[in-house]
Amino acid sequence: VKVEGKENLDKNQSYVFASNHTSLYDIFVIFGFIGRPFKWVMKQEIRDIPFVGWACKAAGFIFINRKAMKQALHSMEEAKKTLSNGVSVVIFPEGTRTYTGQMGEFKRGAFMLANEIGLPIVPMTINGCFDVFPRTAKSVSRSKITLTIHKPITAEERQGKPTKVFMKDVFDIINAGVEEKYRK
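What comes next concerns the included structure. The structure presented is a predicted model; accordingly, all values stated were derived computationally and were not measured.

What counts as what
- Residues numbered from 1 in each chain as written.
- Predicted model: local features only at pLDDT ≥ 70, side-chain atom pairs only at ≥ 80, totals over all residues.
- Heavy atoms only, no water.
- Pairing = 2+ DSSP bridges.
- Helix = DSSP H or I, 4+ residues; strand = E, 2+ residues; numbered from the N terminus.
- Axes fitted to C-alpha atoms, helices over the stretch in contact; angles between N-to-C directions.
- Contact = heavy atoms within 4.5 Å.

As summarised here, the arrangement of the seven strands in space is 1-7-6-2-5-3-4, forming an open sheet in which the pairing is mixed. Each edge of the open sheet is held by one strand with a lone partner, namely strand 1 (2-4) and strand 4 (62-64). Each neighbouring strand pair of the sheet contributes to a mean axis angle of 25 degrees, computed without reference to strand direction. Two elements, strand 2 (residues 16-19) and strand 5 (residues 88-91), share three bridges in a ladder whose sense is parallel. Looking across to strand 5, one finds that Phe-17 is bridged to Val-90. On the sheet, helix 1 (residues 25-33) packs against strand 1, strand 2, strand 3 (38-43), strand 5, strand 6 (121-127) and strand 7 (146-149) and is oriented at approximately 165 degrees with respect to strand 3. Seen against the sheet, helix 4 (residues 109-117) touches strand 2, strand 3, strand 5 and strand 6 and runs at an angle of roughly 160 degrees to strand 5.

Have a look at this one:
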């Protein structure tokens, strides 16, 4: 795994990291190579998976009920308490893994959270994980993997922009870093 762009981060700053989600391997790459304390934001349904849900809850990860806005807002309040002193959050704004290697449409949650808390958003592009273990695969293949950490987009830079506009900005930054064969 090759990591590019770690110099874009301040070790004392908390961030909202937003990454493309091509494979289960994305999770291992981020855990192993981001080099920062962070919590995941994940869909509520993961809480019901035996052992996995319990472990995620014990680790302090943030569950979002995507079907109930009131509960999602409560989750954001919990996230605010967690995200300080350099502890960040990682979100896959697509909400799920891709079937094709191309990015899907972004959901607003990551961007609402970043605005609500006032944290910089850091776009990240992962390449190679789809070739290692695509969603429909039964076995793992070998491939070079690259994690690119792009420059943060501060709350000040987003000030006054509609959410859809900076969502597109983040999408475009991540997509520009995606390998040509999977670029949208």
